[in-house]
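Each chain, letter by letter, is given below.
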Amino acid sequence: MTRPAGRALALWLLAMLAGAIVVWNSRFSADMSFFLPAKPSAEQQVLVDQLKEGVVSRLLMVAIAGGDAASRATASRALRARLEKLPEFVSIQNGETGSMNAERDFLFAHRYLLSPAVTPERFTVDGLRQAVADSIDLLASPAGMMLKPLLPRDPTGELVELVGGLNAGAQPNARDGVWASRDGERAMLLIQTAALGSDTDGQERAIGLVHSQFAATAANDKLSLQLSGPGLFAVKSRATIKSEVSLLSTLSTVAIVAVLFFVYRSLRLMTLGLLPVVSGALAGVVAVSLAYDSVFGITVGFGSALIGEAVDYSIYYFVQSGRLGVEHWRARFWPTIRLGVLTSACGFGALLFSGFPGLAQLGLYSLSGVVVAALVTRYILPPLAGANLDMRDLSHIGPRLKRGIAVLQSLRWPILLLALAAAAMLVVNRNHLWHPNLSALSTVSAADGAADQTLRADISAPDARYMAVITAPDRESALQAAERAGQKLDVLITEGVIGGYDSPARFLPSAAMQASRRASLPPTAELQARLQTALADSPLAAGKLGGFLDDVETTRRQGQLSRESLHGTALALAVDSLLLQRPNGWSVLLPLRPPVGHGEAGVDIAIEPVRAALAGSGALFVDMKNEFDTLYNDYLHEATLLSLAGFVAIVGLLAVTLRSPRRLGRLLLPLLLSVVLVIAGLHLAGQQLHLLHLIGMLLIVAVGSNYALFFDDASQAARGFEDFDDATLVSMAVANLTTAIGFGTLALSKVPVLHAVGVTVGPGAILALLLSACFVGRKGGA
Amino acid sequence: MIKRLLVGLLCVLTALPASAAFDIAQLMGDLARHKGGRAKFVEKKYLAILDKPVVSTGEMTYTAPDRLEKRTLTPKVETLLLDKDILSIERDKQKLSINLANQPEALAFVDSIRGTLSGNRAALEKNYALHLAGNADKWVLTLLPSDQKIASMVQRITVTGNKNQVRIIEYLQADGDRSVLNIDPVDPGNGQ
């Protein structure tokens, strides 16, 4: 080994080692932050927080099927009893009666601090008379059955006031005392995990525990358990990405190694040829790891495409320099390759500016990978490989390729017509090409999605679509703001705009509100006197209400309710999920329920009246579904702009370098035709296009331009394609094959992001080569 | 049209001589032929805690065999609708729906009315022991719960009626409180 070679190798090894250390310390993630906006708006931040740590993201829905209703109910009770003891779960609901006793007792004990009806007027003679009369009226109704035993202690009906505000909406079905599906054939449970929705490890552990505890309870092997929820999706999606990253990379590596071995028939050349690839792949991960706090699994999965693209440079080098020598190669071909690298870099680089973090990572990963692979090919590979490459002469394949090109060139008009037809079809169907929302990018399979829908409907799980959000510097002001917003929302309920809402202040009123309610309560003697007057003509004798007087007096002397007072009840959980401490203060969530519809399904909330009512209260109204759709549209809009910008950059780069509109036009025509044909093909194959197909179009131009550039270069050197350098042709064919393999492997992926790029760029790269060959021009003429 | 046919049928039935001894089967048969109608009701609840009964009034509409609507007008408007096994209560803009299939105790309670109105002996005997006194013109059907869970809520249900018309339903609750529901049919065709 020569000295420069040794130095190069040492340098390379050092860089690789440093890279390996960075990668070793990198954090890899396969969660949904891939899709979440990097710079969210206030509304989007609510969405992101909810997805990462919201209550709904921590819900698991469980169904027990098989056997008979009694055995399902037994299993449901047993499962609840077991899970309840585990710290991994904060609540397990299965509809068992008695499971809400602690909550009811708490509400009853503190009704005079909690009831929104407690005001000074309520305890005047008139107020008492009215409240007691209302309670007695209620006794006439079957709804008053619950009230009857409480009447002596709660004659003003504060518990009714309290419970009335709670969700009286859809309750799940029940069989044998526990929740059941709509058809009654499955027992249902609703579980809330302690782990956040963004904690995929925690979710995986919790799901594993549900399964193992169920297996331990099930004496009856006829029963089976089905589970769904955001946590399961996260776990499954991570598993899919994990398995695909290794599978796809292995597949593409093996296929490319096989191609290289077939071409080189030399282990040494093959190993050397992979050097830039390994360097590029490592550099990609290092760059992403340094720029972001974690590397997404999907980004690494994109590596299989990078391998196919990065290996091209060494193929050019070996095949082209085999006959000409290194110096000649550098002078003759490197500028073309360099320009190709730059166009690819323009394509990938455009993605860097995306607000969709996944896309920006993919861009950075590919950009650094391609550039490093090219640099290693240019500077490290020659000294390492030495002067004597022992490269097999492949020129004999050249003439065969040329015969193929001749055939292609005779098809110019048919191809143009075909592309025209394809373009026309795309224009006609332009409104049906695109998938309308973000779910297009979701890794959740259709079957899993459907199972989730069924469970959700069976258990009437909350979907938390509408939310009012308040931020405040401290807990007390947050609760006060929640109370103020609550008053506005109460008006909306009376108007029928919304069906109801939840608020942390319902179970934990602000200190100010508690003080004002306490101040409304008269001393015992005074209350007793007023009661005598108020109930003089009432069927309820004041003398029977000793319990009421005692309870009011207890409340008057009792301290403030605090978060700790709620301990041991599910209300603590409810408050914690709606009142959150953030690094910069507190935020309150007020989930809004739509008004009850006439049919089976609920109706949507009319956005504008709610916005108008909350205006000035500091509460932000968010429609999650709307935010999701907006988010996707923003991404799509941005991706369109970035793709155009990337395309313009590539065209600009080529225009400056080529300095000939004719050459530029010849170079771009096959690329644009490829894009049109691929997109038309995808549409005909029934694929709905999304964001990543759009990016794929840009990459067809970015990657395909490499081949077009060689043809352009050759057309300048030779009079006609018959005189093209055979070795160059062969290298292009091989490089194209490896690129197509790299991207094509992604098409096998079940991850929509990778799949879309694969099915677009794989065929696109091949078409770009074929069409470039088809439309290649001659020196100085057409 | 149908109504006239029913009224005609009713006349034929009442004209028949009451030769056979009046028994539960006969009563159930009579009740089953009653296809429904509208009635005014007055319900009085006698509760130990109150010195006077709570009185509510309103209208009931029964459509055989399983739809019963009870619209309370005083003291407060409230609509209670029983349609098959779905019980919905609407009061003060609040609407509550209960699927009775989920609530065996409530279902048994509801079945006592529904079973009587529709003459469904099997449904009644599932949860109650039946005793009949009187004759077709004035009968008293007593339902005693056979299930412990139901007995813990209601001691006895007494239904009084004449022919195929239920007139009074009295519930005696386990705690001694009772409610009496008086039903007064409104039948414009019959001039009542």
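Residues numbered from 1 in each chain as written. Chains lettered and ligands numbered in written order. Predicted model: local features only at pLDDT ≥ 70, side-chain atom pairs only at ≥ 80, totals over all residues. Heavy atoms only, no water.

> Residue-level account of the overall build of chain A, with values.
What chain A contains, in helices and strands, is 29 helices and 13 strands. The C-alpha atoms of chain A give 35 Å as radius of gyration, which overshoots the globular expectation for 782 residues (28 Å, by more than 25%). Its C-alpha atoms put chain A at 115 × 50 × 50 Å along the principal axes. Of the contacts formed within chain A by residues at least 6 apart in sequence, a portion of 83% connects residues at least 24 apart. (Helix = DSSP H or I, 4+ residues; strand = E, 2+ residues; numbered from the N terminus. Rg over C-alpha atoms; globule rule 2.2 N^0.38 Å. Contact = heavy atoms within 4.5 Å.)

> Tell me about the overall build of chain B, and please be specific about residues and values.
Each helix and strand counted, chain B has five helices and 11 strands in total. For chain B, the proportion of contacts with a sequence separation of at least 24, taken over those separated by at least 6, is 35%. Accessible surface for chain B amounts to roughly 10300 Å². Of this, 56% is attributable to carbon and sulfur atoms. (Areas by Shrake-Rupley, 256 points an atom, 1.4 Å probe, with all protein chains shown as cover.)

> For the packing of helix H14 (residues 334–351) of chain A against helix H25 (residues 624–658) of chain A, give the residues involved together with the corresponding values.
Residues and elements named next belong to chain A. For the pair H14 and H25, the least separation of the axes is 8 Å and the interaxial angle reads 160 degrees. Between H14 and H25, the angle falls in the class roughly antiparallel. Considering only the axes of H14 and H25, their crossing is right-handed. Between H14, through Leu339, Leu342, Thr343, Cys346, Gly347 and Ala350, and H25, the contact on the second element is made entirely by Leu642, Gly646, Ala649, Ile650, Leu653, Leu654 and Thr657. (Axes fitted to C-alpha atoms, helices over the stretch in contact; angles between N-to-C directions. Parallel < 35°, antiparallel > 145°, perpendicular 65-115°, else oblique. Left-handed = near helix turned anticlockwise from the far one by under 90°.)

> Let's hear about the interface of chain B and chain A: which residues, and what values?
For interface size, the figure often reported is the accessible area lost on association. Facing 25 residues of chain B, the contacting portion of chain A comprises 26 residues. Taken together, both faces of the contact between chain B and chain A bury some 2100 Å²; the carbon and sulfur share is 53%. Of the charged contacts, one joins Asp175(B) and Lys148(A) as a salt bridge, the two residues approaching to 2.7 Å between their closest N and O atoms. Sorting the residues of the side of chain B that touches chain A by element identifies strand E1 (36–46), strand E2 (54–63), strand E4 (78–83) and strand E6 (94–99) of chain B as the ones contributing at least two each. With four residues, E6(B) is the largest single contributor of residues to the side of chain B that touches chain A. Classifying every residue of the side of chain B that touches chain A by side-chain character gives nine nonpolar, five polar and 11 charged. (Buried area = accessible area lost by both parts, 1.4 Å probe. Salt bridge = Lys/Arg side-chain N within 4 Å of Asp/Glu carboxyl O. Nonpolar A, V, L, I, M, F, W, Y, C, P; charged D, E, K, R; others polar.)

> How would you explain the environment of Ser577(A) if you had to name every residue and give the values?
All names here are of chain A. Its place among the elements puts serine 577 in helix H23 (residues 570–578). Considered as a pair, serine 577 and glycine 646 are 69 residues apart in the sequence and their alpha carbons are 44 Å apart. Other than its neighbours up to four places away in sequence, serine 577 contacts Val55 and Leu589. There is a polar contact of 2.9 Å between the side chain of serine 577 and the backbone oxygen of alanine 574. (Polar contact = N/O pair within 3.5 Å; in protein donor to acceptor, adjacent residues only side chain to side chain.)

> Go over the packing of aromatic side chains, please, and point to the residues and values.
According to the stated counting rule, one finds 15 aromatic pairs over all chains in the structure shown. Note on Phe34(A) and Phe356(A): the rings are 5.8 Å apart at their centroids and 85 degrees apart in plane angle, and the pair reads as edge-to-face. Remark: Phe356(A) occurs in the loop between H14 and helix H15 (357–385) and Phe34(A) occurs in the loop between strand E1 (28–29) and helix H2 (42–53); sequence separation between them is 322 residues. The exposure classification of Phe34(A) matches that of Phe356(A), with both residues buried. By the ring-pair criterion, three or more aromatic residues cluster together here, those being Phe34(A), Phe35(A), Phe296(A), Phe356(A) and Tyr635(A). One cation-aromatic arrangement involves Arg332(A) over Phe333(A); the distance from NZ or CZ to the ring centre is 4.7 Å. Seen from the ring of Tyr46(B), Arg178(B) lies directly overhead, with NZ or CZ sitting 4.3 Å from the centre. (Phe/Tyr/Trp six-rings, centres within 6.5 Å; stacked < 30°, edge-to-face > 60°. Buried < 20%, exposed > 50% of the residue type's maximum accessible area, 1.4 Å probe, protein only. Lys NZ or Arg CZ within 6 Å of the ring centre and 35° of its normal.)

> Go over helix H27 (residues 691–717) of chain A with me, naming the residues and quoting the values.
Residue and element names in this part refer to chain A. With 27 residues, H27 ought to run about 39 Å at 1.5 Å a step, and its terminal C-alpha atoms sit 40 Å apart, in line with that. Maximum bend of H27: about 35 degrees, positioned at serine 705. Burial analysis of H27 places 25 of its 27 residues in the buried class, which makes it a mostly covered element. (Expected span 1.5 Å × (residues − 1). Bend = angle between axes of the 7 residues up to and from the residue.)

> How would you sum up the nonpolar core? Please name residues and give values.
All names here are of chain A. By size, the foremost hydrophobic cluster in this structure holds 150 residues, and its most contacted members are Tyr264, Phe302, Phe318, Leu691 and Leu692. Residues contacting leucine 692, with those up to four places away along its chain left out, are Phe356, Leu359, Leu362, Leu441, Val753, Ala756 and Val757. Core analysis: the next-biggest nonpolar cluster, separate from the first, contains 39 residues, Leu113, Ala482, Leu571 and Leu590 among them. (Core = buried A, V, L, I, M, F, W, Y, C linked by side-chain atoms within 4.5 Å.)

> Before we move on, could you go through the environment of His110(A) and cite the residues and values that matter?
Residue and element names in this part refer to chain A. You can see histidine 110 is positioned in the loop between helix H4 (101–109) and helix H5 (111–114). Residue histidine 110 is classed as buried on the basis of its relative accessible area of 14%. Setting aside chain neighbours within four positions, we find histidine 110 in contact with Gln558 and Leu561.

> Give a detailed account of the side chain of Asp551(A), specifying residues and quantitative values.
All names here are of chain A. Here aspartate 551 lies in helix H22 (residues 546–557). Its relative accessible area of 14% is what places aspartate 551 among the buried residues. Side-chain polar atoms of aspartate 551 contact the side chain of arginine 111, separated by 2.7 Å. Those residues in contact with aspartate 551 that sit more than four places away from it in its chain are Phe108, Arg111, Tyr112 and Arg153.

> A description of unusual backbone geometry should follow, citing residues and the corresponding values.
Of note, the bond from Thr74(B) into Pro75(B) is cis; its omega dihedral lies within 30 degrees of zero at 0 degrees. Tracing the backbone through its elements, the reader meets Pro75(B) in the loop between strand E3 (67–74) and E4. Residues other than glycine seldom take positive phi values, yet Arg265(A) does so here, at roughly 50 degrees. Tracing the sequence through the fold places Arg265(A) in the loop between helix H9 (230–264) and helix H10 (267–291). The partly exposed category is assigned to Arg265(A), whose relative accessible area is 47%.

> Explain H22(A) residue by residue, including any values.
Residues and elements named next belong to chain A. Taking 1.5 Å as the rise per residue, H22 with 12 residues should run 16 Å; its terminal C-alpha atoms sit 17 Å apart, in good agreement. Burial in H22 covers these residues: Phe548, Leu549, Asp551, Val552, Glu553 and Thr555. The secondary structure elements touched by the buried residues of H22 are H4, H5, helix H6 (125–139), helix H20 (511–519) and helix H21 (524–534).

> Please set out the confidence of the model for chain B residue by residue, giving values where relevant.
Residues and elements named next belong to chain B. In this model, chain B carries an average pLDDT of 80, and 83% of its residues clear a pLDDT of 70 or more. Confidence, read as mean pLDDT per element, is least for helix H1 (residues 2–15) in chain B (47) and greatest for strand E8 (residues 138–145) (91). Scored below 50 in pLDDT, residues 7–20 shows four contacts in the model against residues more than four places distant or in partner chains. The ipTM value of the predicted complex is 0.75, and its pTM value is 0.76. (pLDDT = per-residue confidence, 0-100.)

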